[in-house]
Every structure is written in structure tokens, then in C-alpha cells.
Amino acid sequence: MDDMKVVTSGNIAAIVGLKDTRTGDTLLSQPTARRSQLRGMKIPPPVFMCSIETETAGGDKQLWETLQNLQREDPSFTVVRDAETQQLVLAGMGELHLEILDRRLQEHYGMPVEMGKIQISYRTTVAHTTKQTLTKAYTTGGKTVNVNVSVKLTPRKRGQGNDFQNLVSQSELSLVLWQAATNALRTTAISGVYLGFPLEDTEVTLTRLDLDTEATEGIIMSCVAQAIREAVQEAEPRLLEPQMNVEISVPPSDLGLIMADLTHRRAQLQQVNHNVQQCVVLAEIPLKEMLGYANFIRSNTKGNGYFSQHLSRYGDMSSTEMQRVINKLYGR
């Protein structure tokens with residue numbers, strides 16, 4: 001490898017010693033250079049998740065820091081701490097993605113870890129608007145700290161995402177405590193509010209926050225998080241499942257078999273294109289129904305069929321399908 005002073009367009013170079021950069025950043029040659037930013041990657045939300053923990057006592061902090069470093073290289077996975085169980089939850093693009101992360105932690109970083117069962121990352125939403133007020137007393141430094149929190153949850157249309165509103169006047173709190181309350185809205189939604197799944201398509205509003213002067217950031221975040229989780233339970237929580245845009249290409253002789261199989265996978269057909277050599281089927285299919293599909297299409301087309309998929313949206317589940325997921329989570 002040769003040292004280079006100049007790298008021109010189209011060439012590849014390695015830069016060592018960078019500490020605060022991550023995949024997708026734009027690097028400038030000098031601080032006074034014209035500010036510009038190259039278009040970054042559009043990364044879809046991860047659709048598989050599992051718990052992860054160290055096999056060594058006291059290794060939790062090191063695991064968290066290592067995963068944060070890995071995220072700088074690979075921003076397509078996320079890691080959060082479950083607010084109720086305090087477990088670390090790893091989410092990635094697929095089963096293989098999570099298995100590779102597991103291997104890197106163990107082989108490259110020498111960190112013995114244990115991953116839980118890989119499962120689909122569903123989302124939680126609410127069926128109707130609800131308000132929840134929580135009054136709680138904390139003991140800190142020998143003193144009792146009283147906190148009163150009111151939150152409101154409102155369902156949004158599919159695909160609109162979440163919206164977070166802090167209606168508490170900033171004049172009533174210090175900037176640090178006001179920001180802690182605002183951050184609690186987002187972190188709680190991400191970390192899982194029902195069955196461990198993140199919130200989706202919901203407006204979360206903090207309408208009231210009364211507290212003693214001794215209240216800390218941690219106390220505020222804990223109380224806001226608990227109020228949101230209780231509100232979700234009152235608002236008839238529903239699960240949303242990842243819907244995938246799927247493109248399937250098979251020889252004409254296998255089209256009938258593929259089409260018949262799609263009816264059993266709850267597929268919504270969008271388009272079928274015919275030609276002499278290959279037929280292309282476009283459909284929207286729940287991710288749950290696509291598990292193991294690579295083996296199915298390979299064995300039933302003698303290796304002549306293939307498919308690709310990417311996340312389209314999170315869609316509503318029927319009560320029957322939702323109950324099946326819950327039963328599986330609890331091993332029923």
C-alpha cells in the first residue's frame with residue numbers, strides 16, 4: 001500500500017486515524033473548504049430483532065460500547081435497551097445480518113456473547129386516542145421527590161410515522177429537564193412499549209409535568225416512560241407487520257406453481273409480466289410469509305427462479321394473525 005497525498009475522482013483510498021466518522025459521512029479536505037455534502041445512503045428500518053448479552057460478568061458496558069463502534073461502520077442495524085427488562089435488543093436487515101454481527105463480535109472483538117432467538121421486528125400502534133396521568137414518588141438522597149405526568153396518545157394514518165410533542169412550557173423547567181422529558185418521548189417509543197416492539201404511526205404528546213425541585217433527568221425520563229407504556233395499554237395496542245415489496249422471476253413453466261403458492265402467503269398481487277424466457281411477478285407480501293422462501297423457490301424451479309424484496313410499509317394485522325404472534329412469543 002502506497003502513501004498518497006492526492007486522491008482523484010474515481011480512485012479508492014484508505015484513511016487511518018479517524019475517530020468520529022461513520023459510514024455515509026462527507027469528508028472535506030480542509031476546514032475552509034466549500035461546505036458540501038454528498039447524498040448518503042437511504043437505509044430502511046431493520047425488520048429482524050433479537051436480544052443480546054455477554055457471557056461474562058460485568059461485560060454489559062463493553063458490549064454496548066462495541067456495538068456503538070460497529071454502528072459507525074454499519075448503520076443498517078440498531079441497538080436499544082429495553083426499558084422494562086434492561087436487555088440489549090439488536091435489530092438488523094435479516095437473519096444472516098444478525099448472525100454476521102454475532103460472528104464479528106466473537107471472532108474480531110473476542111467478545112463471547114449470547115444471542116436470543118431471532119424474530120421479526122413488528123411495530124406497535126394504538127387503536128384510539130387516550131390520555132394517561134401518572135403520579136409517582138421517588139426517594140433520592142434521603143428525600144422524597146413527587147412527579148406528576150400526563151401524556152396523550154393519538155393514532156396516525158399508516159405510513160405517517162411518529163410525532164412527538166412536548167407541550168410543557170420551557171419557562172416551567174430548566175432547559176436540561178425540559179430536554180430530558182422531550183428525549184423520553186422518543187427513547188420510550190423506540191425501546192418498545194408493548195411486547196417489546198417499537199411504537200409506529202402514533203402521536204405522543206406530553207401535556208403536563210409537575211415535579212419537585214429535587215427531580216433529576218433520570219427520574220423524569222423514568223416517569224414519562226412509564227406513563228407512555230400505561231397509556232399504550234389503555235389505547236388497545238395493535239401490532240403492525242412489515243410488508244415487503246417482492247419481485248419474483250421464474251420460467252413460464254413454473255409460474256402456475258408460484259402463483260398458487262402466493263395465495264397461501266397472504267400476497268397482494270400487483271403485476272405479472274410474461275415473456276418467452278422469464279415471468280416476473282410483483283407482489284406485496286408480509287415478511288412473516290417470506291421466511292424460508294429462498295429454499296422454496298430454488299427447489300421448485302430447479303434453481304432457475306429468484307426473487308428480491310425490500311420493506312414497503314408496516315401494515316395492520318388481523319386479530320387472528322396478531323394472536324398467533326403473541327402465542328408464539330409466549331411459547332403457547
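Basis of the calculations
Residues numbered from 1 in each chain as written. Predicted model: local features only at pLDDT ≥ 70, side-chain atom pairs only at ≥ 80, totals over all residues. Heavy atoms only, no water. Axes fitted to C-alpha atoms, helices over the stretch in contact; angles between N-to-C directions. Helix = DSSP H or I, 4+ residues; strand = E, 2+ residues; numbered from the N terminus. Parallel < 35°, antiparallel > 145°, perpendicular 65-115°, else oblique. Left-handed = near helix turned anticlockwise from the far one by under 90°. Contact = heavy atoms within 4.5 Å. Nonpolar A, V, L, I, M, F, W, Y, C, P; charged D, E, K, R; others polar. Salt bridge = Lys/Arg side-chain N within 4 Å of Asp/Glu carboxyl O. Buried < 20%, exposed > 50% of the residue type's maximum accessible area, 1.4 Å probe, protein only. Expected span 1.5 Å × (residues − 1). Pairing = 2+ DSSP bridges. Core = buried A, V, L, I, M, F, W, Y, C linked by side-chain atoms within 4.5 Å.

Caption draft 1: Geometry of the packing of helix H5 (residues 255–263) against helix H7 (residues 293–300). Close contact between H5 and H7 brings their axes to 11 Å; oriented N to C, the two are set at 155°. One finds that H5 runs roughly antiparallel with respect to H7. H5 and H7 meet at a crossing whose hand is right-handed. For the pair H5 and H7, the contacting residues are Leu257, Ile258, Asp261 and Leu262 in the first and Tyr293, Phe296, Ile297 and Asn300 in the second. Considering only residue class, the contact of H5 with H7 consists of 6 nonpolar, 1 polar and 1 charged.

Caption draft 2: Seen up close, the pattern of salt bridges. Scanning the entire structure with this criterion turns up 13 salt bridges. In this structure, the salt-bridge partner of Glu73 is Arg104, at a minimum N-O distance of 2.8 Å. Taken as a pair, Glu73 in helix H1 (residues 60–73) and Arg104 in helix H2 (residues 95–108) lie far apart in primary sequence, 31 residues in all. Given the relative accessible area of 43%, Glu73 is considered partly exposed. Across the pair Arg158 and Asp316 runs a salt bridge, and its minimum N-O distance is 3.1 Å. Taken together, the residues Arg158 in the loop between strand S8 (143–155) and strand S9 (163–166) and Asp316 in strand S14 (residues 306–316) connect sequence positions 158 residues apart. What emerges from the salt-bridge pattern is a single network uniting Glu241, Arg266, Lys288, Glu289, Glu321 and Arg324.

Caption draft 3: Fine view of helix H3 (residues 175–191). If you check H3, its first and last C-alpha atoms are 24 Å apart, about what 17 residues at 1.5 Å a residue would give, namely 24 Å. Listed in full, the buried residues belonging to H3 are Leu177, Trp178, Ala180, Ala181, Thr182, Ala184, Leu185, Thr188, Ala189 and Ser191. Elements that come into contact with the buried residues of H3 comprise strand S2 (78–81), S9, strand S10 (202–211) and helix H4 (217–234). Positive phi shows up at Gly192, right after H3, with a value of about 110°.

Caption draft 4: Here's a closer look at H4. Under the 1.5 Å per step criterion, the end-to-end length of H4 is 26 Å for 18 residues, consistent within 8% with the ideal 26 Å. In this structure, the buried side of H4 is in contact with strand S6 (123–126), strand S7 (130–140), S8, H3, S10 and strand S11 (237–250). Backbone geometry just after H4 places Glu236 at a positive phi near 55°.

Caption draft 5: Structural detail: the packing of H3 against H4. H4 packs onto H3 with a crossing angle of 35° between their chain directions and a minimal axis gap of 8 Å. Where H3 crosses over H4, the handedness of that crossing is right-handed. For the pair formed by H3 and H4, the contact residues are Val176, Leu177, Ala180, Ala181, Asn183, Ala184, Leu185, Thr187 and Thr188 on the first element and Glu217, Ile220, Met221, Val224, Ala225 and Ile228 on the second. Classifying every residue of the contact of H3 with H4 by side-chain character gives 11 nonpolar, 3 polar and 1 charged.

Caption draft 6: The arrangement of the side chain of Ser76 in detail. By the secondary structure assignment, Ser76 is in the loop between H1 and S2. Ignoring sequence-local partners within four residues, the contact set of Ser76 consists of Ile43, Pro46, Ala91, Gly92, Met93 and His97.

Caption draft 7: Representation of the sheet that holds S10 in the model. Sheet architecture is open: 4 strands sit in the order S7-S8-S10-S9, paired in mixed fashion. Each having just a single partner strand, S7 and S9 make up the two edges of the open sheet. Looking at each pair of strands side by side, their axes are set apart by 20° on average, direction ignored. The strands touched by H3 are S9 and S10; relative to S9, the strand with the most contacts, the crossing angle is about 155°. Contacting S7, S8 and S10, H4 crosses the sheet at an angle of about 145° to S7.

Caption draft 8: Molecular detail of the nonpolar core. In terms of nonpolar packing, the biggest core is built from 81 residues, with Ile52, Leu67, Leu90, Val149 and Ile248 touching the most fellow members. Looking at this core, the element that brings in the most residues is H4, giving 8 residues. In contact with Ile248, not counting residues within four places along its chain, are Ile258, Leu262, Cys279, Val280, Val281, Tyr293, Ile297, Tyr306 and Phe307.

Caption draft 9: Seen up close, the environment of Val224. By the secondary structure assignment, Val224 is in helix H4. By relative accessible area, Val224 is classed as buried at 0%. As a C-alpha pair, Val224 and Ala180 span 44 residues in sequence and 9.6 Å in three-dimensional space. Ignoring sequence-local partners within four residues, the contact set of Val224 consists of Val149, Ala181, Ala184, Leu185 and Leu206.

Shape is all these values report; function is a separate question.
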